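What the coordinates show
Each chain, written out:
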Amino acid sequence: MTWHVDAEDLRAYAQGELAPPALWSADTHLVACAQCREVLASVGDPVDAGWERLDAELDAPRPGLFEGLLMRLGVADHTARLLAATPVLRRSWLGAVVAVLLMSIAAAHTTAAAPSPTLFLALAPLLPLAGVALSYGPALDPTYEMAVVAPMHGFKLLMVRTVAVLAAALGLSGLATLALPGYGLGALAWLLPALALTSTGLVLTARLGPVLAPSLVGGAWVALLLAAHAYDASDTLVPFTAAGQGVAAAVAALAGGLLFLVRDRFDRFQSVRFQGDAV
Amino acid sequence: MTPTVSASGLSLRFGGTQALDDVSLRLTSGVTGLLGPNGAGKTTLLRVLATAVPADRGAFTVLGYDPATAAGRQEVRRELGYLPQTPGFHPDFTAFEFVDYVAILKELTDRGARHREVRRVLDEVDLADVRGKRIKKLSGGMRQRVALAAALVGDPGFLVLDEPTVGLDPEQRMRFRELIAHAGEGRTVLLSTHQTEDVAMLCHRVLVMAGGRIRFDGTPAELTARAAGRVWSSTERDPGAKAGWRTGTGSFRNVGSPPDGAELLEPTLEDGYLLTLDDAGAEVAAA
């Protein structure tokens, strides 16, 4: 052995107070190091707890890449596991998001004379809306039925997943924005509509369910853009002007407040029957 | 004995279906079987009692907590273990990771304590050897045991099992029955099933549902006794029988109202169940 677990860490380990990733290192090391196990055995009364913890950790699987990354960023291990189980935070979905963004950036560069990257601004707000819709509900979350009857409030789980999707989608869209430096701050005009669409979709989900609500919101967004384009195709579309951004911010704030008011609706099944199952 | 679950007048309608119609029941410690045909309302009743779906009318308590309020509902859920009819899994999770995930939903946030609990329940369902195996690589019986382990996290006082033996081969079914019997020691278990053998082997009490109503509430022996004197043997299918089928011996086993002088047979739980459903059908037709 070229190193040994620090005595303070061993004491914290025995008392159940050592946090990851130091905890994982100690777990792994103790399995192989008799000297450290002896030290652990000598640190006092809580040693039984330490041995019990070691025993329990021996066959606890190591967190996956994404989960481990979250924990290294300071996310609590239980929250990281909830996030890792978010259905859309998988390579396939993230790959699709990247593909959409790359295509819209390419389109913006081919029409460099346009006053704003319209296709990019139009598509970017739909990504978190779709991501959140695909992260919660009976259709796509395989553990939905078990999650609904768990003590953790359904709204809390929804928010954990929403934050995860927003972080991923907004982060990727933000990176994509950097690829459009010629448009200045105008290239960020997708952000407030993205928040408005996502929060409105969530509010309506409480009433209309996790499929119809985001579909309607997405459809309304597309209809709005088409109407704005028909009204004036030559300039920046209205939703991406200063006035449009103000409206988007107001809608996002209003929907956020309404979402909080209807939070208990997420504590029950979104419909009495689902998946065509039995009565 | 103080009931774990006490419900009165539960009714729920969706679309044109009266899924629950004035259901009242009291559940005590041990395994209670819930029998009924497809569409009887079993799954809906389980979902209402599991606090997943609110009833239109009626009320119930679990261990004294009223799930009509948000606080009461959370207390009920802390005492609840729920195995749905088709438990879903994150297929890339291992058995340990999946049960760990459910344990987090059950508010076990301390990593060490949670992992000890995950190990305990996986040991309890005899899956210690496959803790690290991905769920998508487990057999159907093992997956069902993983779901049962998840339901047992936190040592719940009220366990709701929705047709847990469906799709299992006879050996797996027998193994699962052992686990349910063990789980029923010291806690209240409500077991929905199509299998009368499950009820005969496991349950101290049985409820029969049809058309959203409880049609029978008693012991398995009492349900069996309903068919006493109403099962007979014949060389041809008796046209007056409610149900009749050729047995392995070549003779017909008939259930219903036997003709005079018929050779009566010892009734089974299934006979009692069939006659109860038939009586319920006649009641609905008359109404």
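Residues numbered from 1 in each chain as written. Chains lettered and ligands numbered in written order. Predicted model: local features only at pLDDT ≥ 70, side-chain atom pairs only at ≥ 80, totals over all residues.

1. A look at the overall build of chain A
This is how the line gets drawn: Numbering of helices and strands starts at the N terminus; helices are DSSP runs of H or I of at least 4 residues and strands are runs of E of at least 2. Here the C-beta atoms are placed from the backbone, and a residue counts as buried if at least 20 other C-beta atoms lie within 10 Å of its own, exposed if 12 or fewer do, and partly exposed otherwise. We call two residues in contact whenever the C-beta atoms placed from their backbones are within 7 Å.
Within chain A one finds 14 helices and zero strands. The linear arrangement of helices and strands in chain A, starting from the amino end, is α-α-α-α-α-α-α-α-α-α-α-α-α-α. Here chain A, with 279 residues, has 42% of them falling under the buried criterion. Counting only contacts in chain A whose residues sit at least 6 apart along the sequence, the fraction spanning at least 24 positions is 72%.

2. Examining the sheet that holds strand 13 (residues 263–264) of chain B
Either a parallel or an antiparallel arrangement is found when strands of a sheet pair, and the pairing is made through backbone hydrogen bonds. Residues and elements named next belong to chain B. Where we set the bar: We call two strands paired when DSSP finds no fewer than two bridges between them.
Pairing in this open sheet of four strands is antiparallel, and the strands run 11-12-10-13 from one edge to the other. At either end of the open sheet lies a strand with only one pairing partner, and these are strand 11 (241–246) and strand 13. Sheet analysis places strand 10 (residues 231–234) next to strand 13, joined by two bridges and oriented antiparallel. Considered in strand 13, the bridge of Ser 233 is made with Glu 263.

3. Details of the UniProt feature "transmembrane region" (unreviewed entry) in chain A
All names here are of chain A. As a reminder of what qualifies: UniProt positions are given in the numbering used here, feature names are shortened, and annotations may be inferred rather than shown by experiment.
UniProt's entry tags residues 93–112, 118–137, 158–179, 185–204, 211–231 and 237–262 with the feature "transmembrane region" (unreviewed entry), counted in the numbering of this structure. Note that residues 211–231 is 95% helix and 0% strand, and that its end C-alpha atoms are spaced 30 Å apart. Along residues 237–262 the backbone is 77% helical and 0% strand, and the end-to-end C-alpha distance reaches 33 Å.

4. Overview of the packing of helix 1 (residues 7–14) of chain A against helix 3 (residues 34–41) of chain A
Residues and elements named next belong to chain A. Worth spelling out the cut-off: Interaxial angle, 0 to 180 degrees, is taken between N-to-C directions of lines fitted to C-alpha atoms, where a helix line uses only the stretch in contact. Each angle receives one of four descriptions, namely roughly parallel if under 35 degrees, roughly antiparallel if over 145, roughly perpendicular if within 65 to 115, and oblique otherwise. Helix crossings are classified by the rotation of the near helix relative to the far one: an anticlockwise turn of less than a right angle makes the crossing left-handed, while a clockwise turn makes it right-handed. Residue polarity is assigned by list, with Asp, Glu, Lys and Arg as charged and Ala, Val, Leu, Ile, Met, Phe, Trp, Tyr, Cys and Pro as nonpolar; anything else, Gly included, falls into the polar class.
Contact pair helix 1 / helix 3: the axes reach a minimum separation of 9 Å and the direction vectors enclose 60°. It follows that helix 1 is oblique to helix 3 by the angle criterion. Our pair here, helix 1 against helix 3, has a crossing hand that is right-handed. Contact residues: helix 1 offers Ala 7, Leu 10, Tyr 13 and Ala 14, while helix 3 offers Cys 36, Val 39 and Leu 40. Tallied by class, residues from the contact of helix 1 with helix 3 come to seven nonpolar, no polar and no charged.

5. A few points about the environment of Ile 104 of chain B
Looking at the element boundaries, Ile 104 of chain B is found in helix 3 (residues 95–105). Put simply, Ile 104 of chain B and Ser 233 of chain B are 129 residues apart on the chain and 56 Å apart in space, counted from C-alpha to C-alpha. Each residue touching Ile 104 of chain B, except ones within four places of it in the same chain, is listed here: His 78, Arg 81 and Leu 82 of chain A together with Thr 109 of chain B.

6. Description of the nonpolar core
We apply this condition: In these notes, a nonpolar core means any group of buried Ala, Val, Leu, Ile, Met, Phe, Trp, Tyr and Cys residues linked to one another through C-beta atoms within 7 Å.
Counting 144 residues, the largest nonpolar core has Val 99, Ala 149, Ala 150 and Val 160 of chain B as its most contacted members. Looking at this core, the element that brings in the most residues is helix 12 (residues 191–208) of chain A, giving 10 residues. By size, the runner-up hydrophobic cluster in this structure holds 11 residues, among which are Ala 12, Leu 18, Leu 23 and Cys 36 of chain A.

7. A few points about the UniProt feature "domain: ABC transporter" (unreviewed entry) in chain B
Cross-referencing UniProt, the feature "domain: ABC transporter" (unreviewed entry) maps to residues 5–236 of chain B in the present numbering. The distance from the first to the last C-alpha atom of residues 5–236 of chain B is 47 Å, and the span holds 35% helix and 28% strand.

8. So, the confidence of the model for chain B
Using the following cut-off: A score from 0 to 100, pLDDT tells how confident the predictor is in each residue.
Confidence in the prediction for chain B averages 91 pLDDT; 98% of positions are at 70 or higher. Interface predicted TM-score (ipTM) for the complex: 0.84; the corresponding pTM is 0.80.

9. What to know about the interface of chain A and chain B
Contacts between chain A and chain B engage 33 residues on the former and 46 residues on the latter. Listed by contribution, the elements that provide at least two residues to the side of chain A that touches chain B are helix 4 (47–58), helix 6 (77–84) and helix 10 (144–148) of chain A. Taken together, the residues of the side of chain A that touches chain B sort by class into 18 nonpolar, three polar and 12 charged.

10. Some words on unusual backbone geometry
In most cases, non-glycine residues show a negative phi, while peptide bonds are predominantly trans. Residues and elements named next belong to chain B. Within the chain, Asp 22 stands out as a residue other than glycine whose phi angle is a positive 60°. The residue Asp 22 is located in strand 2 (residues 17–27) in this model. Looking at Asp 22, the number of C-beta atoms within 10 Å reads 14, which means it is partly exposed. For Leu 63, which is not a glycine, the phi torsion comes out positive at approximately 50°. Take Leu 63: it is sitting in the loop between strand 4 (57–62) and helix 2 (70–78).

11. Here's the deal with the domain arrangement of chain B
Residues and elements named next belong to chain B. What counts here: In this entry, domain limits derive from an automatic or database-based domain assignment.
Considered domain by domain, chain B is made up of domain 1 (1–79 + 157–218), domain 2 (87–155) and domain 3 (224–286). Here the C-alpha centre of domain 3 lies 28 Å away from the C-alpha centre of domain 1. Taken together, the contact pairs 10 residues of domain 1 with seven residues of domain 3. Put simply, the parts of the chain that give the side of domain 1 that touches domain 3 at least two residues each are helix 7 (196–202), strand 8 (205–210) and strand 9 (213–218).

12. Focus: the pairing of strand 2 of chain B
All names here are of chain B. In the sheet, strand 1 (residues 5–14) pairs with strand 2 via seven bridges, with the strands oriented antiparallel. Note that in strand 2 the partner of Leu 10 across the bridge is Val 23. Between strand 1 and strand 2, which pair antiparallel and follow one another directly, the connecting turn spans two residues, one of which, Gly 15, has a positive phi of 60°.

13. Things to note about the sheet that holds strand 2 of chain B
Residues and elements named next belong to chain B. Spatially, three strands are ordered 2-1-4 in an open sheet, and the strand pairing comes out antiparallel. Unpaired on one side and paired on the other, strand 2 and strand 4 mark the two borders of the sheet. Each neighbouring strand pair of the sheet contributes to a mean axis angle of 20°, computed without reference to strand direction. Of the strands in this sheet, strand 1, strand 2 and strand 4 are in contact with helix 1 (residues 42–49), which crosses strand 2 at around 60°.

14. What about the packing of helix 12 of chain A against helix 14 (residues 242–261) of chain A?
Residue and element names in this part refer to chain A. Direction vectors running N to C along helix 12 and helix 14 enclose 30°, while the axes themselves pass 8 Å from each other. Of the possible angle classes, the one that applies to helix 12 and helix 14 is roughly parallel. Note that helix 12 runs across helix 14; the crossing there is left-handed. Of helix 14, the residues touching helix 12 (which contributes Leu 192, Pro 193, Leu 195, Ala 196, Ser 199, Thr 200, Leu 202 and Val 203) are Gln 245, Ala 248, Ala 249, Val 251, Ala 252, Ala 255, Gly 256, Leu 258 and Leu 259. Among the residues making up the contact of helix 12 with helix 14, the classes are represented as 13 nonpolar, four polar and no charged.

15. Observations regarding the environment of Arg 173 of chain B
Residues and elements named next belong to chain B. Within the element layout of this structure, Arg 173 appears in helix 6 (residues 170–183). As a C-alpha pair, Arg 173 and Gly 141 span 32 residues in sequence and 8.0 Å in three-dimensional space. In this view, Arg 173 contacts Thr 165 and Leu 168; residues no more than four positions away in its chain are not counted.

16. Points about the pairing of strand 12 (residues 252–256) of chain B
All names here are of chain B. Where strand 10 lies against strand 12, four bridges are found, and the strand directions are antiparallel. If you follow Ser 234 over to strand 12, its bridge partner there is Phe 252. Taken together, the five bridges between strand 11 and strand 12 define a ladder with antiparallel strand orientation. Bridge pairing in strand 12 links Ala 241 to Gly 256. What sits between strand 11 and strand 12 in their antiparallel hairpin is a turn of five residues, with Gly 250 showing a positive phi close to 100°.

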